[in-house]
Amino acid sequence: MASLATGISADGSVVVGSTIDDSFNLRAFRWSGGSMSELPGWSGATRNKANAVSADGATTVGATRSDGVERAMVWRSGGAYLIDALTSNVYANRAYGVSGDGMVVVGSSDIAGGGKRAFSYDRTSSTLRDLGVLGGTGNSEAYGISADAGTIVGSSSTSDHVDHAFRYVVATNTMHDLGTLGSNPAVTNSLARAVSADGSVIVGYSQTDSGDDHAFRWNGGVMSDLGVLAGGTYSRANAVSGNGLVVVGEAEDSNGDRQAFRWTQSGGMKSVAQWLAAANVALAAGWTLTKATGASSDGSVVVGAGDNPAGREEAWIARVGGAGNGLMSVSDYVPTLQKAGTMPLTGVDLATLALFGAHHRPLMDSGLSRGTCAWATADLARNDANRSTQEIAEVGACRDLAEGRWRIGASVGTSSAKQDLDYAGQGRFNGQYLYVEADYAPESRAWVASASALYGNWNGSVRRGYLNAGRTDSSSGAPNANALALRARMDWKELLRLGTFGVSPYASYTRIESRLDAYTETGGGFPARFDAQTWRADEVRVGAMAKMPLSYATDLRLNLEAVNRQDRSGPGVSGQVLGLFSFAYAGASMNSSWGRLMAEIDHRLSDKSLFTFSVNTASSGQDATWGISAGYRLAF
């Protein structure tokens, strides 16, 4: 799929353009908030093109084609509508420009008898106006309008039967000829493409005496030749910054290839690749920036199209200054923001490892006599699905009460997690947690009811990788995370026997809430600010533990369980790419189920001490792909 960006809002937060799908249909898009949305066309349309966006980013204009007829289209506030043609029995027209507030649209309309006329449409008064021509009865087209809606620019035929750039002053309803760069305007053509916010600067291109097109900048009644790239013969200006100081477009280089350019008074015409290189941003092999089509109000952000390393035409956003320097391919960059939405899962994973690793069975099932106990345990787990590794180590103690019917325990632990992210990114979290548990069993010990709580707090370090000009880049932040988990569990002790195995069914319900604090990245070409995120999960586990003595001192335990987790608040993420656009990706509620198998050895070193070792694995789901645990328990 190829894509072309054709317009950008004043602050650089909204980009519009068109894509060509696999069926070669042209589809208009609006890119905002970090996501691209399709702009619908006329009923049955197969070609929808977005040509411009208002300075405030709220209104997009372009054209839609159905049954061979092209119609001017306006998209605003989630809706779309057509603009009538100038002649009632002629329907073809197209919109090329829009004022800063989106209330005035300009373009061209087919007219009766053939030909085209520039038009303006005032949405406030529903007034459609024919802007006329510079001379004779020929054609005219309007391509741009100033943000203040006072100046319209385009191209019109003259009485000499050539086309000249024009400036239309709305206050006086007059069209003015801007002339050409040639010494004889009567035989050379020019065209105005865009105008600054206040109407004082107009850009476009004009034929020179050699017959080649050169980009021009008009200001104060003077049309200035912007020249060409070194070794090239032509250039064309497509857009100008809101302040009129930066001109962008396309030009030929010394190899005869087309290159996107950026022009300033002090620096002259440079290719966008050269502009980036001066800011230490080098394009990866295979990237060619062929056309610049829009610039932000100060010209620090430029959009356009080019050929990516795969050979497809793709829209790009380039910037120098402010929060960072670089070239962004939207399709590559946005998924890295979405992936950051999984960071709160780290707290869920670390809480789960403690609850169902170190504490996968009740304290009353310690394998030691009643009284007072203490323990130390360590766990290691790996989740291949999200490329993360978790570790915990804890020490704790317990005490029996009410003649052994109650056992109360608490532990403190340290835990860490590491998650690999795309483009050599990585998230690391280190911290501590507190665990408490209360168990109750009747004198018969036929069943055990337990309630547990865990609270953890971790310091994080996240390096988010992405492509900048096709090369790996990264931005880093330091968020803090915390999690609160509550679990209720019932165990039925050796409810049945299968040969030498005593089988104890159990069921548990767990609620986990993990929060990642807001943080702002630094470094790299496109750092971002992330809002605070919360992940809530409800989990039910049903299983059975089979215990068999291997010797007087050693027991084997096999544990099989089924798990269902409902993530009530999934990986939603919002924030802002610094200096560019805001983003918000809603978290989807998820419902997943899987199975888990554990094998464990209890070896009594004495009547008062016990060593445990276990291994576990899980099917595709939210648990670790594999895990190991080792612990020491002591009664006194």
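A. Fine view of a nonpolar patch on the surface. A cluster of nonpolar residues, Leu605, Phe611, Phe613, Val615, Trp626, Ile628, Tyr632, Leu634 and Phe636, forms a patch on the protein surface that exposes about 810 Å² of accessible area. No other element matches the four residues that strand S46 (residues 626-635) contributes to the nonpolar patch. Tracing the backbone through its elements, the reader meets Ile628 in strand S46. Since its relative accessible area comes to 33%, Ile628 is described here as partly exposed.

B. Broad picture of helix H3 (residues 345-358). With 14 residues, H3 extends 19 Å between its outermost C-alpha atoms, agreeing within 8% with the 20 Å of an ideal straight helix rising 1.5 Å per residue. Most of H3 sits out of view: 14 of its 14 residues are buried.

C. Quick peek at the state of the cysteines. Counting across every chain of the model gives one disulfide. In this model Cys373 forms its disulfide with Cys398; the gap between the sulfur atoms is 1.5 Å. Handedness here is read from the sign of the S-S torsion; for Cys373 and Cys398, about 135 degrees, the answer is right-handed. With Cys373 in strand S29 (residues 372-383) and Cys398 in strand S30 (residues 388-401), this residue pair connects regions lying 25 residues apart in the sequence. Note on accessibility: Cys373 and Cys398 belong to one class, buried.

D. Representation of the pairing of strand S14 (residues 151-157). For S14, a buried count of seven out of seven residues is recorded, marking the element as mostly surrounded by other parts of the structure. Here S14 shows no split at all, with Thr151, Val153, Ser155 and Ser157 on one side and Ile152, Gly154 and Ser156 on the other all buried. Two elements, strand S13 (residues 140-145) and S14, share five bridges in a ladder whose sense is antiparallel. Looking at S14, one finds that Ser140 is bridged to Ser156.

E. Fine view of unusual backbone geometry. Even without being glycine, Ser126 reaches a positive phi, approximately 55 degrees. Following the sequence through the fold, Ser126 ends up in the loop between strand S11 (116-122) and strand S12 (127-130). The phi torsion at Ala469 lies on the positive side, around 60 degrees, for a residue other than glycine. Mapped onto the elements of the fold, Ala469 is located in the loop between strand S33 (447-468) and strand S34 (471-477).

F. Looking closely at the domain arrangement of the chain. Per the domain assignment, the segments making up the chain are domain 1 (55-279 + 289-299) and domain 2 (343-635). The C-alpha centroid of domain 2 is placed 61 Å from the C-alpha centroid of domain 1.

Calculation rules
Residues numbered from 1 in each chain as written. Predicted model: local features only at pLDDT ≥ 70, side-chain atom pairs only at ≥ 80, totals over all residues. Heavy atoms only, no water. Patch = residues over 30% accessible without salt bridge, like charges linked within 9 Å, V, L, I, M, F, W, Y side chains within 5 Å. Areas by Shrake-Rupley, 256 points an atom, 1.4 Å probe, with all protein chains shown as cover. Salt bridge = Lys/Arg side-chain N within 4 Å of Asp/Glu carboxyl O. Helix = DSSP H or I, 4+ residues; strand = E, 2+ residues; numbered from the N terminus. Buried < 20%, exposed > 50% of the residue type's maximum accessible area, 1.4 Å probe, protein only. Expected span 1.5 Å × (residues − 1). Disulfide = S-S within 2.5 Å. Pairing = 2+ DSSP bridges. Domains from an automatic or database assignment.

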